[in-house]
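# Chain and residue survey
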Amino acid sequence: MPSLLRLSLLIVTGFIIHSITAYGQKIQDSTANNISLQVANFSYFRNYEYYNDLQKGYTLFGHTLTPVLSFNNHKSPLALEAGAFIQQDFGNTSLQRVRPAIALTALIIYYVKSIDITRPIFKKEWSFRMGTLYNQDYHLLPEVLYNRDQLVFNPLEYGIQFRYRNPFIETDQWLHWQRMIYNNSMGNERFQAGISTISRTTSDSSKNHITIPIHCLIQHSGGQIGQPDTSDSGGTTINLNSGLYFNKYFNSSCIQSMRFGFQYALSNTNQQQLPDVPQIGRGIEFSATITFLKRFYGTISYWQARDFYAPYGRFITQSRSSVFTDTYTYIPERQLMFVKLNYVYQLGNFLKINLEAEPYYDMQASLFEYAYHLTIHYQFLSRLYRQKN
């Protein structure tokens, strides 16, 4: 465990150094000087027709609303966001969650002279958040590490976050403080730390290129001032993930692009309340995706794993059964074949509609099951006041 933890911290440190080491010349940065209102809505209908031993079927149906006021000073890139997060599940007369949505943020944009003569100027974007974190893109993590239902189960994350993006690389680094303890509190403090980076071999994402994702996710439970809790005896789980993907683009009205490659995942845990889970687990996925008719995406993938465990990951790709089962089950070997079809309609940064159907086949259990989802992201932004220089 110590050697893997040191490796994970080394990866995190290396990408932080890579992110803050800029080449080129700063031409312009941008600051805001206004008071604005942003209202974000996430509507979801996610249904699983599952009867397997690791995850029974369930339905998530509802929506969230997050109105936020943002206060900017023209002399600083800092902004203060203050608002509320409201979640309602349909069929429940009471609200599921009402929580504060407060964050100190910063956004700096650079236009940089590049050594690439085909793209003489490109944009670099730095952003910082302390308070509520941005997780609407799942921290750029693959589904085996970050279940897409987390936006329903655990939609709010609080802590500190740093993001960086340029045409070659995009990275998200965050610390999510899940549970605070005080002197003689019952139980442990819990936090999640992660770094997620996606790099490309070309600055133009619409040209043929290779994509290399690298992810590290750490879940820790511990502390010195809390009282022992038999349900959480502490420990650390580390998930590492990387892969290689080839992206091919076509000048056609029928087929726009193809993407194929693989990802390899590793889990390492010493959580004492999971005595049946081996310390080391691993998994590998091969997948191919085709984009056609501009808004349709078809994906076929094969996942094989042994003793894989990811606390925030997708339930059926792991060996340990989820809370959505009648009895506890452990299946060391997993061999799954997935087929996914998506229809995606997007209008700028304001509206995104995703309709998805995903059947899968469990090769070991000879079991065929399916799920289908509809998610809608909508946000409205209005400037209420602007300060003149």
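The structure displayed is predicted, hence computed values, not measured ones. (Residues numbered from 1 in each chain as written. Predicted model: local features only at pLDDT ≥ 70, side-chain atom pairs only at ≥ 80, totals over all residues. Heavy atoms only, no water.)

### Observations concerning the overall build of the protein chain
For clarity, the cut-off: Each helix is a run of DSSP H or I of at least 4 residues and each strand a run of E of at least 2, with the numbering of both proceeding from the N terminus. Only protein chains enter the area calculation, which uses a 1.4 Å probe; residues under 20% of their type maximum are buried, those over 50% are exposed, and those in between are partly exposed. Here, residues are in contact when the closest pair of their heavy atoms is within 4.5 Å. Surface exposure here means Shrake-Rupley accessible area, sampled with a 1.4 Å probe, where a residue is shielded only by the protein chains that are shown.
Along the backbone of the protein chain there are 2 helices and 16 strands. Across the 389 residues that make up the protein chain, the buried fraction comes to 43%. For the protein chain, the proportion of contacts with a sequence separation of at least 24, taken over those separated by at least 6, is 61%. As displayed, the protein chain has an accessible area near 20,100 Å², and 60% of this comes from carbon and sulfur atoms.

### What about the side chain of Ser 267?
Condition: Each polar contact in these results corresponds to two N or O atoms within 3.5 Å; when the atoms are within protein, one needs to be able to donate a hydrogen and the other to accept it, and residues that are neighboring in sequence are counted only if both atoms are side-chain atoms.
By the element assignment, Ser 267 lies in strand 11 (residues 255-269). By relative accessible area, Ser 267 is classed as buried at 3%. Within the structure, Ser 267 has its side chain in polar contact with the backbone nitrogen of Tyr 309 (distance 3.3 Å).

### Quick notes on the nonpolar core
We count it as follows: Among buried residues, those of type Ala, Val, Leu, Ile, Met, Phe, Trp, Tyr and Cys that are joined through side-chain atoms within 4.5 Å constitute a nonpolar core.
In terms of nonpolar packing, the biggest core is built from 28 residues, with Trp 303 and Phe 308 touching the most fellow members. Here this core gets 3 residues from one element, more than from any other, and that element is strand 1 (residues 34-49). Ignoring anything within four residues of it in the chain, the contact list for Trp 303 reads Val 144, Ala 265, Gly 283, Ile 284, Glu 285, Phe 308, Thr 317, Arg 334, Gln 335, Leu 336 and Phe 338.

### Thoughts on a nonpolar patch on the surface
Note the cut-off: Any residue with relative accessible area above 30% and no salt bridge may belong to a patch, with like charges joined within 9 Å and the nonpolar Val, Leu, Ile, Met, Phe, Trp and Tyr side chains within 5 Å. Each reported salt bridge corresponds to a side-chain nitrogen of Lys or Arg within 4 Å of a carboxyl oxygen of Asp or Glu.
A cluster of nonpolar side chains, contributed by Leu 69, Phe 71, Leu 78, Leu 80, Ile 102, Leu 104, Met 130, Ile 160, Leu 384 and Tyr 385, occupies part of the molecular surface with about 880 Å² of accessible area. Looking at the nonpolar patch, the elements that each hand over two or more residues are strand 2 (59-72), strand 3 (78-89), strand 4 (97-113) and strand 16 (367-386). On the secondary structure map, Leu 104 appears in strand 4.

### With respect to empty space enclosed by the protein
The following threshold applies: The way it works is a 1 Å grid over only the protein atoms, where trapped points that fit a 1.4 Å probe form a cavity and open points with protein on both sides within 12 Å along at least five of seven lines form a pocket, and then any residue with an atom within 4 Å of a point lines it. Grid points are joined across faces, edges and corners, and a volume is the space filled by probe spheres set on the points. Note on residue classes: Ala, Val, Leu, Ile, Met, Phe, Trp, Tyr, Cys and Pro are nonpolar, Asp, Glu, Lys and Arg are charged, and everything else, Gly too, is polar.
Under the counting rule described, the total for this entry stands at 2 cavities of 30 Å³ or more. Looking at the largest cavity, its volume works out to about 40 Å³. Tyr 48, Gln 55, Tyr 58, Asn 147, Asp 149, Arg 314 and Phe 315 together form the lining of the largest cavity. Of the residues contributing to the lining of the largest cavity, the split by class is 3 nonpolar, 2 polar and 2 charged. Put simply, the second largest cavity is a space of about 30 Å³. The wall of the second largest cavity is formed by Gln 192, Leu 217, Ile 218, Gln 219, Thr 237, Asn 239, Pro 311 and Tyr 312.

### Describing the pattern of salt bridges
Under the counting rule described, the total for this entry stands at 13 salt bridges. Close ionic contact of Arg 129 with Glu 81 constitutes a salt bridge, the shortest N to O distance being 2.9 Å. Placement of Arg 129 in strand 5 (residues 121-132) and of Glu 81 in strand 3 is noted, with a sequence separation of 48 residues between them. Taken as a pair, Arg 129 and Glu 81 share a single burial class, namely buried. Across the pair Asp 362 and Arg 334 runs a salt bridge, and its minimum N-O distance is 3.2 Å. In this pair, Asp 362 sits in strand 15 (residues 351-362) while Arg 334 sits in strand 14 (residues 333-347), placing the two residues 28 residues apart along the sequence. For the pair Asp 362 and Arg 334, one class covers both residues: buried. One network of salt bridges, in which partners are shared, links Asp 137, Arg 163, Glu 170 and Asp 172.

### Some points on the pairing of strand 9 (residues 209-222)
Every other side chain in a regular strand lies on the same face of the sheet, so the side chains alternate between the two faces. Rules: One bridge is not enough; two strands pair if DSSP finds at least two bridges between them.
Of all 14 residues in strand 9, 10 are buried; the element is thus mostly enclosed. Strand direction decides the pairing type here: strand 8 (residues 189-200) and strand 9, joined by 12 bridges, are antiparallel. The residue of strand 9 that forms the bridge with Gly 194 is Leu 217. Relative to strand 10 (residues 235-249), strand 9 is paired through 11 bridges, and the arrangement is antiparallel. By the bridge assignment, Cys 216 is partnered in strand 10 with Leu 240.

### Observations concerning the pairing of strand 13 (residues 296-306)
Note that strand 12 (residues 280-292) and strand 13 share 11 bridges and pair antiparallel. The residue bridging Gly 283 from the neighbouring strand is Ala 305, located in strand 13. Between strand 12 and the antiparallel strand that follows it, strand 13, lie 3 residues; Leu 293 among them carries a positive phi value of about 50°. Summarising the sheet, strand 13 and strand 14 pair through 11 bridges and their orientation is antiparallel.

### Description of the environment of Phe 42
For Phe 42, the location among the structural elements is in strand 1. Residues Phe 42 and His 63 lie 21 residues apart in sequence; the distance between their C-alpha atoms is 5.5 Å.

### Overview of the confidence of the model for the protein chain
Convention followed: Residue-level confidence of the predictor, termed pLDDT, takes values from 0 up to 100.
Of all residues in the protein chain, 85% have pLDDT values of 70 or greater, and the mean over the chain is 87. Segment residues 15-32: pLDDT under 50, and 45 contacts once partners within four positions in sequence are set aside and those in other chains are kept.

### Focus: the packing of aromatic side chains
Here is the rule: Stacked, tilted and edge-to-face pairs are distinguished by plane angle, under 30 degrees for stacked and over 60 for edge-to-face with tilted covering the rest, among Phe, Tyr and Trp rings (Trp via its six-membered ring) whose centres lie within 6.5 Å.
Going through the model one piece at a time under the given rule, you end up with 23 aromatic pairs. Ring centres of Tyr 48 and Tyr 58 lie 4.8 Å apart, and the angle between their planes is 45°; this geometry places the pair in the tilted category. Highlighted residues: Tyr 48 in strand 1 and Tyr 58 in the loop between strand 1 and strand 2, separated in sequence by 10 residues. In this structure Tyr 48 comes out as buried when scored by relative accessible area, which is 6%. A residue is classified by how much of its surface remains accessible, and Tyr 58, at 10% relative accessible area, is buried. Arranged with centres 4.3 Å apart and planes meeting at 25°, the rings of Tyr 58 and Phe 324 form a pair that is stacked.

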